[in-house]
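Here is how the chains run, residue by residue.
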Amino acid sequence: MSPIGPLRPSPLAEQAAARIEEQITSGHWPVGGKLPGEVALAKELGVGRSTVREALRALAGAGLVQSRQGAGVFVTADRPAGDWATRLRRAELAHVYEVRTMVEVQAARLAATRRTDADLAAVDTALAARLAAGAADDAAFVDADIALHTAVVAAAHNPVLDDLFAQFVPVLREHLVALVGLLGLRAGDPDHGHDAHAGLVGALHRADAEEAGRVLAEELEATRARLLGT
């Protein structure tokens, strides 16, 4: 591999961070490996040590490197942490639905055993709102549908699941609003999927984890198949 080469003038810290990131993402400096020292990096990049330190702080903030006292700076990832959201936005709907199903089905099972009276009231309200949204446009219906699914995930009382599902919501909404109308998913059935969602809420009330998981898995698979024509 060729040397990374000196930089052009300003903003030097941003350029330095970008050049180091290129070497990391290309695999020149692999995950787990140690970066050259500040002096070596400064010489190779043609900048001062303070610029290198600023660049490394930016890369640490992006989750790419980590400084270990007395040991040096090590590569901790081969792409910035923020790329997760970007990759989700670019992902195909089929792939998003596969992961969505894994997350939500487990969340539904947990919700059936952990839900509180307040959680049950929330999912009941969300189910009624979804039914009422049958008279609204596709965007409002999709929002009501996602709100119900969000209430079910929240009833699992697992903040990691909450955060993970929240990452999917913008991507799901964008895909669903576009495809529900394009494919006429609600034509002749404005309350599309109501019976399945009512069955899910009923399973939560009965604290039936297996039924909650089964109903949701079938509902998500049926919707996925219709959206993707499979």
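We now turn to the structure provided with this report. The model shown is predicted, which means the values in this text are computed figures rather than measured ones.

The next point concerns the overall build of the protein. What the protein contains, in helices and strands, is 10 helices and 2 strands. From first element to last, N terminus to C terminus, the protein shows the α and β order α-α-α-β-β-α-α-α-α-α-α-α. Classification of the 230 residues of the protein by burial places 39% in the buried group. Sequence separation of 24 or more characterises 69% of the internal contacts of the protein that already satisfy a separation of 6 or more.

Okay, the packing of aromatic side chains next. All told, the structure shown has 0 aromatic pairs when counted by the stated rule. Seen from the ring of Phe-74, Arg-68 lies directly overhead, with NZ or CZ sitting 4.2 Å from the centre. Taking NZ or CZ as reference, Arg-186 lies 4.3 Å from the ring centre of Phe-141, over its face.

With that settled, the discussion passes to the side chain of Arg-224. Following the sequence through the fold, Arg-224 ends up in helix H10 (residues 209–228). On the accessibility criterion, Arg-224 (18% relative accessible area) is buried.

The geometry of helix H7 (residues 138–154) relative to helix H9 (residues 194–205) is characterised by a closest axis approach of 12 Å and an angle of 20° between their N-to-C directions. Viewed along their axes, H7 and H9 adopt a mutual orientation that is roughly parallel. Between H7 and H9 lies a crossing of left-handed hand. Where H7 approaches H9, its residues Asp-145, Leu-148, His-149 and Val-152 are matched on the opposing element by His-197, Leu-200, Val-201 and Leu-204. Here the residues of the contact of H7 with H9 are counted per class, giving 5 nonpolar, 2 polar and 1 charged.

Here we come to the packing of helix H6 (residues 117–132) against H7. With their axes 9 Å apart at the nearest point, H6 and H7 run at an angle of 165° to one another. By the criterion of interaxial angle, the relationship of H6 to H7 is roughly antiparallel. Handedness of the H6/H7 crossing: left-handed. Only Phe-141, Ala-144, Asp-145, Ala-147, Leu-148, Ala-151 and Val-152 of H7 make contact with H6, whose side of the interface consists of Ala-122, Val-123, Ala-126, Leu-127, Ala-129 and Arg-130. When the residues that make up the contact of H6 with H7 are grouped by side-chain class, the tally is 11 nonpolar, no polar and 2 charged.

Considering all chains together, one arrives at 9 salt bridges under this definition. The salt bridge involving Glu-218 is made with Arg-214; its shortest N-O contact spans 2.9 Å. With Glu-218 and Arg-214 both in helix H10, this residue pair falls 4 residues apart, about one helical turn. Judged by its relative accessible area of 48%, Glu-218 falls in the partly exposed class. Residue Arg-214 is classed as partly exposed on the basis of its relative accessible area of 38%. Salt bridges sharing common partners tie together Glu-38, Arg-49 and Arg-53.

This next bit is on unusual backbone geometry. Phi at His-157 takes a positive value of approximately 55°, unusual for a residue other than glycine. Structurally, His-157 is set in the loop between H7 and helix H8 (159–182). Residue classification places His-157 among the partly exposed residues on the basis of a relative accessible area of 44%. Phi angles above zero are rare outside glycine, and Ala-207 is one such case at about 60°. With respect to the element layout, Ala-207 can be found in the loop between H9 and H10.

How each quantity is defined
Residues numbered from 1 in each chain as written. Predicted model: local features only at pLDDT ≥ 70, side-chain atom pairs only at ≥ 80, totals over all residues. Heavy atoms only, no water. Helix = DSSP H or I, 4+ residues; strand = E, 2+ residues; numbered from the N terminus. Buried < 20%, exposed > 50% of the residue type's maximum accessible area, 1.4 Å probe, protein only. Contact = heavy atoms within 4.5 Å. Phe/Tyr/Trp six-rings, centres within 6.5 Å; stacked < 30°, edge-to-face > 60°. Lys NZ or Arg CZ within 6 Å of the ring centre and 35° of its normal. Axes fitted to C-alpha atoms, helices over the stretch in contact; angles between N-to-C directions. Parallel < 35°, antiparallel > 145°, perpendicular 65-115°, else oblique. Left-handed = near helix turned anticlockwise from the far one by under 90°. Nonpolar A, V, L, I, M, F, W, Y, C, P; charged D, E, K, R; others polar. Salt bridge = Lys/Arg side-chain N within 4 Å of Asp/Glu carboxyl O.

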